[in-house]
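Inside the fold
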Amino acid sequence: DQQVKQNSPSLSVQEGRISILNCDYTNSMFDYFLWYKKYPAEGPTFLISISSIKDKNEDGRFTVFLNKSAKHLSLHIVPSQPGDSAVYFCAASVGGSQGNLIFGKGTKLSVKP
Amino acid sequence: NAGVMQNPRHLVRRRGQEARLRCSPMKGHSHVYWYRQLPEEGLKFMVYLQKENIIDESGMPKERFSAEFPKEGPSILRIQQVVRGDSAAYFCASSAGSPGGSKNIQYFGAGTRLSVL
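Starting afresh in each chain, residues are numbered from 1 along the sequence in its written order. The lettering of chains begins at A and the numbering of ligands begins at 1, in the order of writing. At least 70 in pLDDT is required for a residue's local features to be given in this predicted model, at least 80 for side-chain atom pairs to be given and counted, and no such filter applies to totals for whole chains, interfaces and linings, which use all residues. Excluding hydrogens and water, the side-chain figures rest on all heavy atoms present in the structure.

**Looking at the overall build of chain A**
Each helix and strand in chain A was counted, giving zero helices and eleven strands. Listed by position from the N terminus, the elements making up chain A come as β-β-β-β-β-β-β-β-β-β-β. The C-alpha radius of gyration computed for chain A amounts to 13 Å, which stays within 12% of the reference 13 Å derived for 113 residues, consistent with globular compactness. Buried positions account for 45% of the 113 residues belonging to chain A. By definition, residues are in contact when any of their heavy atoms lie within 4.5 Å. When contacts within chain A are restricted to residue pairs at least 6 apart in sequence, long-range pairs at least 24 apart make up 54% of them. His is not counted, nor are the chain ends; Lys and Arg add positive charge and Asp and Glu add negative charge. All charge positions are set by atom: Lys at NZ, Arg at CZ, Asp at CG, Glu at CD. Separation between the mean location of the 12 positive side-chain charges and that of the 9 negative ones in chain A comes to 5 Å. Under the scheme used here, helices are H or I runs from DSSP no shorter than 4 residues and strands are E runs no shorter than 2 residues, and both carry numbers assigned from the N terminus. When we talk radius of gyration, it's over C-alpha atoms, and the globule rule is simply 2.2 Å times the number of residues to the 0.38. Summary of the burial criterion: residues with accessible area below 20% of their type's maximum are buried, those above 50% are exposed, and those between are partly exposed, where the area comes from a 1.4 Å probe applied to protein chains only.

Structure below.
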């Protein structure tokens, strides 16, 4: 029973173009969403987050969009760079006393020069 | 380096042995979380601790696994009598504040890769 789903295992994009990574969730109690980037043999690195009271958050080349009615969020990277090649994980949490993040299975992004 | 420190990075154990994984949170962080990642999977939550307290262990297997975060020293994830199915990457994360909102940003260590022979 996957509460956070990343349906695309991989994505290939040309350098300079936009990368769009998608994430769907089923639990309407989620109130905070995060994106992490992971290189092989390293830990996940926090990228950007968004609260459920917002529909967009932007940080440099990274923008996260949240559509609560569709239970969908997406991460846009523009322009994409070869160094962005990594696995991207979407994660969600329920506020209050629960500390755990629920992760998707990840999408492997390849940015080709 | 003020990041989350995990050691060892790689740990090899034979079936039946004990594995001890250590995690030192970021400076100023008192909330620690352990996750496990199997190949081709996302990270799965195991346990959430604050100093000397287990807050949420809903993701911990009922047997052989335990975790602690003592007043002094790192957090320890202990796996007794390891089996081949315990082979995975174990990640520790820490946060500055209680769960919820922007204070729930969890920062991860590089992980410990456990191989059970």
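**Thoughts on the sheet that holds strand S3 (residues 19–24) of chain B**
Residues and elements named next belong to chain B. Taken together, the four strands give an open sheet; going across it, the order is S1-S3-S8-S7, and neighbouring strands pair in antiparallel fashion. Strands with a single pairing partner mark the edges of an open sheet, and in this sheet they are strand S1 (5–7) and strand S7 (65–68). Shown here is a sheet whose adjacent strand axes are inclined to one another by a mean of 15°, direction ignored. Here S3 pairs with strand S8 (residues 75–79) via five bridges, running antiparallel. Residue pairing for S8: Arg 20 is matched across the bridge by Arg 78. Each pair of strands is called paired provided DSSP finds at least two bridges between the two strands. In this analysis an axis means a line fitted to C-alpha atoms, helices contributing only their contacting stretch, and an angle means the value between N-to-C directions, from 0 to 180 degrees.

**Overview of the state of the cysteines**
Residue and element names in this part refer to chain B. By disulfide we mean two sulfur atoms from cysteines, separated by a distance within 2.5 Å. Under the definition given, this model contains two disulfides over all chains. The disulfide that involves Cys 23 links it to Cys 92, with 1.8 Å between the sulfurs. For the disulfide bridge between Cys 23 and Cys 92, the dihedral angle about the S-S bond is near -55°, and by the sign convention the bridge is left-handed. One end of the pair, Cys 23, is in strand S3; the other, Cys 92, is in strand S9 (residues 88–95), with 69 residues separating them in the sequence.

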